[in-house]
Amino acid sequence: MYKIRPGDAPIKSQFIKQNVLNSFFPEPYENSQALDPDAFIQKSLIAAESQQEKRKLDSEDNNPTQNSVEILETGANDSESTAKRPKIETDETAIHEQTPTSESVSSSAVKKDESNESKKQKNRGMNTNRKFAHVKDAIKLCTGFLNDDACSFENCKFSHDIPSYMESKAEDVGPNCHLFDTFGKCSFGIKCRFAMAHTTAAPEYKQIVDEEKVNRVEKIEDTVLNVIDKFKQREIAKIGKARVEDKVVDFDKAMDQVQSERKQIKEAREKLKMRQTAESSEGVQGPVQGNQEQNESVEQNDTEAKVSEKINKIAPEPYIKLRPNEKPHIDFRQKLYLAPLTTVGNLPFRRLCVQFGADITCGEMSLTKALLQSNSPEWTHMRRHKSEKIFGVQLAGNAPHLIATIASKLNQFCPDVDFVDLNCGCPIDMLVKSGAGSALMERQSKMCDIVAGMNYIFDCNVTVKMRMGFMDGKPVAHKLVPKLRKAGASLITLHGRSREQRYSKEADWGYIQKCADLGKADLYDDDGTEIRKVPVFGNGDILDQMQYWDKIEKGYADGVMIGRGALIKPWVFTEIKERRIWDIRSGERLEVLKDFAKFGIEQWGSDTQGINTTRRFMLEQISFMHRYIPVGLLDVLPQKINERPPTFYGRDALETMMGSTNVATWIKITEMILGKAPDDFIFTPKHKANSFTESEG
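Residues numbered from 1 in each chain as written. Predicted model: local features only at pLDDT ≥ 70, side-chain atom pairs only at ≥ 80, totals over all residues. Heavy atoms only, no water.

In terms of helices and strands, the chain carries 26 helices and ten strands. Residues counted as buried form 47% of the 697 residues belonging to the chain. Across the chain, every contact between residues at least 6 apart in sequence was considered, and the portion connecting residues at least 24 apart equals 73%. (Helix = DSSP H or I, 4+ residues; strand = E, 2+ residues; numbered from the N terminus. Buried < 20%, exposed > 50% of the residue type's maximum accessible area, 1.4 Å probe, protein only. Contact = heavy atoms within 4.5 Å.)

What follows deals with the packing of aromatic side chains. Under the criterion given, the structure shown has seven aromatic pairs. Their ring planes at 85° and their centres at 6.1 Å tell us that tyrosine 337 and phenylalanine 419 sit as a pair that is edge-to-face. Taken together, the residues tyrosine 337 in strand S2 (residues 337–338) and phenylalanine 419 in strand S6 (residues 419–424) connect sequence positions 82 residues apart. For the pair formed by tyrosine 337 and phenylalanine 419, the shared burial category is buried. Ring centres of tyrosine 548 and tryptophan 549 lie 5.1 Å apart, and the angle between their planes is 85°; on these two criteria the pair is classed as edge-to-face. Comparing tyrosine 548 with tryptophan 549, the two get one shared label, buried. Among the aromatic residues, ring-to-ring pairing joins Phe332, Tyr337, Phe419 and Phe537 into one connected group. Its end group placed over the ring of tryptophan 582, arginine 580 keeps NZ or CZ at 4.8 Å from the ring centre. Directly above the ring of phenylalanine 681 sits arginine 615, whose terminal nitrogen or CZ lies 5.8 Å from the centroid. (Phe/Tyr/Trp six-rings, centres within 6.5 Å; stacked < 30°, edge-to-face > 60°. Lys NZ or Arg CZ within 6 Å of the ring centre and 35° of its normal.)

What follows deals with unusual backbone geometry. With an omega of 5°, the peptide bond between alanine 202 and proline 203 qualifies as cis. The topology assignment puts proline 203 in the loop between helix H7 (178–183) and helix H8 (211–216). Across the junction of leucine 637 and proline 638, the peptide omega takes the value -5°, indicating a cis bond. Among the secondary structure elements, proline 638 is positioned in the loop between helix H24 (608–625) and helix H25 (653–658). Notably, tyrosine 205 is not glycine yet its phi reads approximately 55°, a positive angle. With respect to the helices and strands, the residue tyrosine 205 is situated in the loop between H7 and H8. When its relative accessible area of 14% is taken as the criterion, tyrosine 205 is described as buried. If you check the backbone angles, threonine 343 has positive phi at about 70° while not being a glycine. One can find threonine 343 in the loop between S2 and helix H12 (347–356). With a relative accessible area of 16%, threonine 343 lands in the buried category.

It is worth spelling out helix H19 (residues 509–520) at this point. Its twelve residues place the ends of H19 17 Å apart at the C-alpha level, agreeing with the 16 Å of an ideal helix rising 1.5 Å per residue. Turning to H19, its buried residues are Trp509, Tyr511, Ile512, Cys515, Ala516 and Gly519. Buried residues of H19, seen end-on, are gathered within an arc of 150° and therefore sit on one face of the element. Where H19 is buried, its residues meet helix H18 (477–487), strand S8 (491–495), strand S9 (536–539), helix H20 (545–553) and strand S10 (559–562). Where H19 begins, the side chain of aspartate 508 points an oxygen toward the backbone nitrogen of glycine 510, at a separation of 3.2 Å. (Expected span 1.5 Å × (residues − 1). Arc of directions from axis to C-beta. Polar contact = N/O pair within 3.5 Å; in protein donor to acceptor, adjacent residues only side chain to side chain.)

This part is about a nonpolar patch on the surface. Together, Met546, Ile581 and Leu637 line one region of the surface with nonpolar side chains, adding up to about 230 Å² of accessible area. Looking at where leucine 637 falls in the secondary structure, it is placed in the loop between H24 and H25. In this structure leucine 637 comes out as partly exposed when scored by relative accessible area, which is 41%. (Patch = residues over 30% accessible without salt bridge, like charges linked within 9 Å, V, L, I, M, F, W, Y side chains within 5 Å. Areas by Shrake-Rupley, 256 points an atom, 1.4 Å probe, with all protein chains shown as cover. Salt bridge = Lys/Arg side-chain N within 4 Å of Asp/Glu carboxyl O.)

Mean pLDDT for the chain: 77, with 69% of residues reaching 70 or above. Long-range and interchain partners of residues 244–254, a stretch whose pLDDT sits below 50, account for 15 contacts in this model, where long-range means more than four residues apart. The low-confidence segment residues 310–321, where pLDDT is below 50, has 38 contacts with residues more than four positions distant or belonging to other chains. (pLDDT = per-residue confidence, 0-100.)

Okay, the pattern of salt bridges next. Evaluated as defined, the whole model comprises 28 salt bridges. A salt bridge links arginine 384 to aspartate 418; the shortest N-O distance between them is 3.1 Å. Residue arginine 384 is located in strand S4 (residues 384–385), and its partner aspartate 418 is located in the loop between helix H15 (400–413) and S6; the two are separated by 34 residues in the primary sequence. For arginine 384, a relative accessible area of 8% corresponds to the buried category. With its nearest N and O atoms 3.5 Å apart, the salt bridge here joins arginine 564 to aspartate 541. With arginine 564 in helix H21 (residues 564–568) and aspartate 541 in the loop between S9 and H20, this residue pair connects regions lying 23 residues apart in the sequence. What makes arginine 564 buried here is its relative accessible area of 18%. When salt bridges with common partners are traced through the structure, they connect Arg333, Lys520 and Asp558 into a single cluster.

Moving on to the packing of H12 against helix H23 (residues 586–604). Helix packing for two helices is described by the angle between their axes and how far apart those axes are. Contact geometry for H12 and H23: axes closest at 8 Å, N-to-C directions at 135°. As the angle between them shows, H12 and H23 are arranged oblique. The two elements H12 and H23 cross, and the hand of that crossing is right-handed. Along its contact with H12, which presents Leu347, Pro348, Phe349, Arg351, Leu352, Gln355 and Phe356, the element H23 presents Val592, Asp595, Phe596, Phe599, Gly600, Glu602, Gln603 and Trp604. Of the residues belonging to the contact of H12 with H23, the class tally is nine nonpolar, three polar and three charged. (Axes fitted to C-alpha atoms, helices over the stretch in contact; angles between N-to-C directions. Parallel < 35°, antiparallel > 145°, perpendicular 65-115°, else oblique. Left-handed = near helix turned anticlockwise from the far one by under 90°. Nonpolar A, V, L, I, M, F, W, Y, C, P; charged D, E, K, R; others polar.)

Soluble globular proteins tend to bury their nonpolar side chains together. Counting 129 residues, the largest nonpolar core has Leu395, Leu410, Phe458, Met466, Leu484 and Phe573 as its most contacted members. Residues Ile11, Phe15, Ile16 and Leu634 belong to the second largest nonpolar core, which totals eight residues. (Core = buried A, V, L, I, M, F, W, Y, C linked by side-chain atoms within 4.5 Å.)

Considering the arrangement of structural elements, one finds glutamine 412 in helix H15. Each C-alpha atom of the pair glutamine 412 and aspartate 459 lies 9.8 Å from the other, and the pair is 47 residues apart in sequence.

Now for the pairing of S9. Covered by surrounding structure in S9 are Val536 and Gly538 together with Phe537 and Asn539, the residues of both alternating faces. Examined bridge by bridge, S8 and S9 share four bridges and lie parallel to one another. Within S9, the residue paired with leucine 494 across the bridge is glycine 538. Handedness of the β-α-β unit built from S8, H19 and S9 comes out right-handed. (Pairing = 2+ DSSP bridges. Right-handed = clockwise from strand over helix to strand, strands pointing away.)

Here you go:
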């Protein structure tokens, strides 16, 4: 009988299997095209059960005494409980042999603690320095032949032998190419892993183009916005290098000097106005007075020029287009907000969530230094699909002058950004040690100055994402909310945990409500001007529509940001909008992964490298989705995000497979969609607790 452990999700007993094997594929898996999922998985499950039964019988033969004790312990009547009592020996020697010494007890306890500690260390934290196999074609074909073009280079180092390439190329994944079916043309030509869908037979291998669809449908490159090419990245990198090396440019000092010089201009204008008023009333203006006024006017213009030069040194032109009060205001309240998620919050996943009903999306966290160093993968975080309704980018950094430089270039090169979010909540050690992320909450003045500077330079709204505080038991967010309102933040998102907690324990929604009330409270500036009210969104532990509406209707927050909940079940947005519990079946979940594959092929390509990049990020997605427990299996609703799903059998073979924690099983799921994985394909989950490998199992 399986015993529910503390922290286990309450699953109906008929679905729980104790010590079930997580690897459902004892036999080699060869042909992904001719796979009958239910038959194949059922056969593997039967083999796994028989293997497990054999192991159980072997253990009984080797440990008969231990087995008899276990049987007695599972009994419930009085006679069995009496039998559990140790037999009293009259022989002192026997008593001495059976009674463990304090030394043996302590040593066994130490060994047990060490084993538990090693197991705990093994299953916690992140897998750092992950390695992924970069799978490419055996023969590198010249790109000039992708669309029946000729090579323009005399000494080209790539192959021009198309028949040899086609012979060495891996078998096509399927008969239909998504790019060709959707856009009428596949830009990857014969390198496409669905090439025969749009390629004539040998030996011509000519590309087929659906001209009618090409002219009718929007081009794939036009569906993605904010694409910054390498030339623009290099231009930004040159400016960034100058900003990093120029030690004279200090954002805080420069802004203080700007404010001081502005004050001088204002005083000079007031004096000039008073003098002009006095002279106009007298009606007399001598030549000396006229010359003096002209000199003061020239001096004023010189001062204004110095101010402009100082601002341009901080952020090159165009440094500002709109005043903070002239920016288009976004009504964030009660909109479904998909959290910015590192690695897994890529463009295909965001499109998937928008398809399920997400209103606000945000790109992955981007490091300001990496952006200024022309890091191409970092700049891809700025890309936005046309289907994304309200889109923002998230920046992380601790250097205000570098953030100002990025701000000026985002205004120039990324016009399709609705808001920019400052990350003040990331708990990763690497970021915290550099003074960014949640470490900014320990330097409140600097954090507010950065927000004020961003609000001054950016043409769009500025938002902030933070935690309750840095140390557990010492929340500071309630002190920061009024300061951030004065600094010009348009939205504040609060994760109901401290940096020290990371993702352990439950989120404190009572504290989030306290901060949300401060966002709506009356607040005035030093000169008596009323500060605009700011919505405060809550974040933490939302996995179900009941949990969401409970927080909204009870006034815990003005809205909810969903992160891990969307990774585990992207359809949570549909559940919330339709206010229903969706008992999604395994076949529907497989269709969700198929949609992800389509979006991934549009993003990363349909060639060998693009297919395996899509496979890698699909596995990142499955590493969270396998934690979902189908509604029909739960004994108590709803599922809580921090509850461990015990090993279970689903209502069908595919549902059981999708609940596996073995990476090998996940790869088999991707093979149903993307074809057989290469022999040297490697995947390691981001978080150690998400799965185990065969060698570890």
